[in-house]
Amino acid sequence: MSSKGEILKRIKLNQPDLVSELPNLNLLGSEQFDVLETYKTVLKGIGGDPVEVANYDEIINYIKSNYNLEKRLITTLPELSEIASLDWKTVDPHSLQDVELTVIKAHFGVAENSGLWVTDDILGQRVAPFIAQYLAIIVHKKDLVPTMQQAYQRIGNMEYGFGTFIAGPSKTADIEQSLVLGAHGARGLIVFLLD
Amino acid sequence: MSSEKTIPHSEAAAKFNKDVERVNWHDETLWFVRAKRDKSAHQIEDWELLRETASQIKFNVLSNIHDYLVEFEANAQRNGIIVHWAADAKEHNEIVHSIMAKHDVKQMVKSKSMLTEECHLNDYLAEKGIEVIDSDLGEYIVQLRKEPPSHIVLPAIHLKKEDVSETFHEHLGTEKGNFNPQYLTESARQSLRNTFLTRKVALTGVNFAVAETGEFVVCTNEGNADMGAHLADVHIACMGFEKLIPKREHLGVFLRLLARSATGQPITTFSSHFKKPRDGKEMHIVIVDNGRSTQLGREDFRNSLKCIRCGACMNTCPVYRRSGGHSYHNAVAGPIGSILAPNLDMSKNADLPFASTLCGSCTNVCPVKIDIHDQLYKWRQVLVKEGHTPKAKTIAMKTMATVLANPTVFNIAGKSGRFVMKNIPGMVNNKMNKWYDQREMPDVPEESFREWYKKNSRESKAKRDEQ
């Protein structure tokens, strides 16, 4: 407690007297571009795979033909119960270590950086998108916004315990600036762009 | 580490410069990152407006930081986060240790935090018998090699894949001579996955903390902060108090700038917002001062607290690129580190503001518009005035001042200088003369400009008179 008082006292004493006003954020985010095309281009640029689909059946078929269904596939979406399990939301998160593919849905996506906004109420478990070998995220095309400016307008006062923007698969360039996908998290990210 | 004698920047840089090929490689690698930053920035129409907006937000933070901290603490506590305050590095380390001790845990997994480097947390915990494993790949590599990071964003940027291969062969038993980054990264992935799955306590840094909501944001590409935090029972986040921003909506500005300035990416792979602990788990935040409130009171240098740690100033700095991060003997290297370090210890870090050409490139790339090169110039004046610069330099500068202030002395000095350089060059071209280091001395002109001017003006006057 004493340190808190001491630090705050020193800060009050040393901070500038003249108070600077906060800038107007409404001047930002007016850039014009094709949101869907930009989203796909940026996602590919950072190692993710955009896949346009009309409905959940197409997603199921895609997963069937691209992933080994013998392995552990998990999802939060009842629509996908045919190929992935739904009963993992209350298990010890460590037990998700053998998950091959996690399929979740995003609230929305951001075209300028291909980020997808997810929060714990749609994640099932916070660690689920990180611990799986591969990750697939579904987002409606109508839920793509141009820039982070619109993204935070959309988030607004949304309540969550944890939320994250996911942009592409886990990656590193720490060894001589060589880009390697799959550092600790997912080795690949499929984004299903749903009509 | 802190008890070791500090090697001055110029000496350490001279050592780094001995391997010419490696210096050139280091220079080119960082310039490659800087070029990616440019490309990325130029793609954003609003880039300059974003920089200006970010700068204005940070000015507002600096002038309201007291109230924002109080607001942040209240909101974080309401969210169920336990808030701690640390006046200095020692108290920060003690707080982290006390949390470990309370849970009777001897192992920790850490994601990148330059603040814990600044506080030498790893050394402190090691003394207490606690094992810390750094999980960012670059940090993991330098940790295995018992080196500090040489760059705040790219901790192992000074190493080649051959070095990493050798280190992993020794510590992880990877194939000797296999330099493939994919293979090496995979080995680290396997090893660290086991760490994530077994640690009860995870520590992360903080990129931004939001006063309005009491949440904090951690940005990584690897997902290591998330793997640690979401699997552990206890998450400790450590932040310098300047990481605060007023509102959640301001994150939109900073997240657009951070990764583009750092590596040229449109955003980091994961930008994780931690607001509440998981059910039944603990989340702690340690708010650290460690000299920041002093810097806040130094009018000329307080802007350095606007820094969001993107590293762009390092990547562009001609001195950093050719001297390497370790030559700065401070947790934060490069131009911004050279402003922050003297605040922590003026006598130990007096050399750093001189490790700059003052070319201004750092200022030009800074996403929050810190006047970096101006501050470096101002630090030099403070350090000289307070007597922290080497005697030789002080004497040389005083002599220079006398010579430049007196035309007669200046004339004589010029003449004798030209005479000496021409007839007894060994007196100038030797190790005592710092200007001779790495430089060819120029050919001596026959006469000074003043002599030339006198002669010519006489001649042209004579010509005019003839007409």
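Keep in mind that what you see is a predicted model, and the values were worked out from it rather than measured.

The secondary structure content of chain B amounts to 20 helices and 10 strands. Summarising its shape, the C-alpha atoms of chain B cover approximately 100 × 55 × 45 Å along the three principal directions. Looking at the 467 residues of chain B, the share that counts as buried comes to 57%. Counting contacts in chain B only where the partners sit at least 6 residues apart, residues at least 24 apart contribute 73% of the total.

Residue and element names in this part refer to chain A. As summarised here, the arrangement of the five strands in space is β1-β11-β6-β3-β2, forming an open sheet in which the pairing is parallel. Bordering the open sheet on either side are β1 (49-53) and β2 (72-75), each of which pairs with just one other strand. Looking at each pair of strands side by side, their axes are set apart by 20° on average, direction ignored. As paired elements, β2 and strand β3 (residues 99-105) share four bridges and run parallel to each other. Each residue of the ladder has a partner; that of I74, found in β3, is T102. Each of β1, β2, β3, β6 (134-140) and β11 (188-194) touches helix α3 (residues 56-66); the most contacted strand, β11, lies at about 155° to it.

Adjacent strands of a sheet form backbone hydrogen bonds with each other and so pair up, either parallel or antiparallel. Residue and element names in this part refer to chain B. The strand order β1-β10-β7-β4-β2-β3 describes an open sheet built from six strands, whose pairing is parallel. Each having just a single partner strand, β1 (82-86) and β3 (131-134) make up the two edges of the open sheet. Adjacent strand axes in the sheet meet at a mean angle of 25° when their direction is disregarded. Of the strand pairs in this sheet, strand β4 (residues 201-204) and strand β7 (residues 234-240) are connected by four bridges, and their pairing is parallel. Residue L203 lies in a different strand from β7, and its bridge partner there is I236.

This part is about the interface of chain B and chain A. By a frequent convention, interface size equals the accessible area lost on bringing the separate parts together. On the side of chain A, 68 residues touch chain B, which itself brings 95 residues to the contact. Between chain B and chain A, roughly 7,000 Å² of surface is buried when both sides are summed, and carbon and sulfur atoms account for 59% of that area. Looking at the side of chain B facing chain A, the largest losses of area belong to H66(B), R189(B) and R248(B), adding up to 10% of the total buried there. Where chain B touches chain A, the interface holds nine salt bridges. Salt-bridge contacts for R187(A) lead to E186(B); the nearest nitrogen and oxygen are separated by 2.7 Å. At the boundary of chain B and chain A, one finds 47 residue pairs in polar contact (both at pLDDT 80 or more). The residue inventory of the side of chain B that touches chain A, partitioned by class, reads 43 nonpolar, 27 polar and 25 charged. Here strand β8 (residues 162-166) of chain A runs beside strand β9 (residues 270-274) of chain B; their pairing, made up of five bridges, is antiparallel. Opposite F165(A), over in β9(B), you have S271(B) as the bridge partner.

Looking now at the pattern of salt bridges. Overall, the coordinates contain 45 salt bridges over all chains when judged by the stated rule. Put simply, R260(B) and E112(A) hold a salt bridge, and the shortest N to O gap is 2.8 Å. Linking R260(B) in helix α11 (residues 251-262) with E112(A) in the loop between β4 (108-110) and β5 (116-119), this pair reaches from one chain into another. In this structure, R260(B) and E112(A) share a single accessibility class: buried. Via salt bridges that share partners, E37(A), K40(A), E52(A), K141(A) and D195(A) belong to a single interconnected network.

Attention now moves to the packing of aromatic side chains. In the structure shown here, the tally under the stated rule is 15 aromatic pairs over all chains. Ring geometry for F216(B) against F274(B): centres 5.4 Å apart, planes inclined by 20°, an arrangement best described as stacked. Here F216(B), found in strand β6 (residues 215-220), pairs with F274(B), found in strand β9; they are 58 residues apart in sequence, far enough to count as distant. A residue is classified by how much of its surface remains accessible, and F216(B), at 0% relative accessible area, is buried. With a centroid separation of 5.7 Å and an interplanar angle of 25°, the aromatic rings of F449(B) and W452(B) are classed as stacked. Here the residue F449(B) and the residue W452(B) both occupy positions in helix α20 (residues 449-466), the gap between them amounting to three residues, near one helical turn. Of the residues examined, W452(B) reaches a relative accessible area of 40% and is grouped as partly exposed. In textbook terms, an aromatic cluster arises when at least three aromatic residues are bridged by ring pairs, as seen for F108(A), W117(A), Y152(A), Y160(A) and F165(A).

Residue and element names in this part refer to chain B. A cluster of acidic side chains, namely D67, E71, E212 and E249, defines a negative patch on the protein surface. Relative to the helices and strands, E212 is located in the loop between β5 (208-210) and β6. Judged by relative accessible area, E212 falls into the partly exposed class, the value being 31%.

This next bit is on the pairing of β9(B). Among the five residues of β9(B), five are classified as buried, and the element is accordingly described as predominantly covered. Residues F270(B), S272(B) and F274(B) point to one face of β9(B) and S271(B) and H273(B) to the other, with burial holding for every one of them.

Another point: helix α2 (residues 20-42) of chain B. All names here are of chain B. Its 23 residues give α2 an end-to-end C-alpha distance of 33 Å, which sits within 8% of 33 Å, the value for a rise of 1.5 Å per residue. Inspection of α2 places V23, W25, H26, D27, T29, L30, V33, R34, R37, D38, S40 and A41 among the buried residues, and these make up the whole buried set. The inward-facing, buried residues of α2 abut α1 (9-16), α3 (47-78), α11, α13 (312-316), α14 (318-323) and α16 (361-365).

Next up on the list: a nonpolar patch on the surface. A surface patch of nonpolar side chains, about 320 Å² in accessible area, is lined by M400(B), L404(B) and F410(B). Along the chain, F410(B) turns up in helix α19 (residues 407-423).

Attention now moves to the side chain of R309(B). Structurally, R309(B) can be placed in the loop between α12 (292-297) and α13. Once you skip the residues sitting within four places of it in the chain, R309(B) turns out to touch I152(B), V153(B), E242(B), K243(B), L258(B), R292(B), V332(B) and L340(B).

Turning our eyes to something else, we now look at the packing of helix α18 (residues 391-405) of chain B against α19(B). Packed helices, taken two at a time, are described by the angle between their axes plus the distance between the axes. Residue and element names in this part refer to chain B. Two elements in contact, α18 and α19, have axes whose closest approach is 5 Å; the angle formed by their N-to-C orientations is 110°. On the basis of the axis angle, α18 is roughly perpendicular to α19. Across the interface between the two elements, V403, L404 and A405 of α18 pack against P407, V409, F410 and A413 of α19. Grouping the constituent residues of the contact of α18 with α19 by class yields seven nonpolar, no polar and no charged.

Within chain B, residue pLDDT values average 94, and 99% of them lie at 70 or more. Note on the complex model: pTM 0.93, ipTM 0.98.

Turning to the environment of V99(A), a few remarks are in order. All names here are of chain A. You can see V99 is positioned in strand β3. Exposure remark for V99: the relative accessible area of 1% places this residue in the buried category. Residues V99 and L73 lie 26 residues apart in sequence; the distance between their C-alpha atoms is 6.1 Å.

Residues and elements named next belong to chain B. Evaluation of the coordinates by the stated rule reveals zero disulfides over all chains. As a non-bridged cysteine, C307 has C313 as the owner of its nearest cysteine sulfur, 6.5 Å distant. With no disulfide of its own, C313 lies 6.4 Å from the sulfur of C362, the closest cysteine sulfur. Take C313: its relative accessible area is 7%, and that puts it in the buried class.

Rules used in this analysis
- Residues numbered from 1 in each chain as written.
- Chains lettered and ligands numbered in written order.
- Predicted model: local features only at pLDDT ≥ 70, side-chain atom pairs only at ≥ 80, totals over all residues.
- Heavy atoms only, no water.
- Helix = DSSP H or I, 4+ residues; strand = E, 2+ residues; numbered from the N terminus.
- Buried < 20%, exposed > 50% of the residue type's maximum accessible area, 1.4 Å probe, protein only.
- Contact = heavy atoms within 4.5 Å.
- Pairing = 2+ DSSP bridges.
- Axes fitted to C-alpha atoms, helices over the stretch in contact; angles between N-to-C directions.
- Buried area = accessible area lost by both parts, 1.4 Å probe.
- Salt bridge = Lys/Arg side-chain N within 4 Å of Asp/Glu carboxyl O.
- Polar contact = N/O pair within 3.5 Å; in protein donor to acceptor, adjacent residues only side chain to side chain.
- Nonpolar A, V, L, I, M, F, W, Y, C, P; charged D, E, K, R; others polar.
- Phe/Tyr/Trp six-rings, centres within 6.5 Å; stacked < 30°, edge-to-face > 60°.
- Patch = residues over 30% accessible without salt bridge, like charges linked within 9 Å, V, L, I, M, F, W, Y side chains within 5 Å.
- Areas by Shrake-Rupley, 256 points an atom, 1.4 Å probe, with all protein chains shown as cover.
- Lys, Arg positive; Asp, Glu negative; His and termini not counted.
- Charge placed at Lys NZ, Arg CZ, Asp CG, Glu CD.
- Expected span 1.5 Å × (residues − 1).
- Parallel < 35°, antiparallel > 145°, perpendicular 65-115°, else oblique.
- pLDDT = per-residue confidence, 0-100.
- Disulfide = S-S within 2.5 Å.

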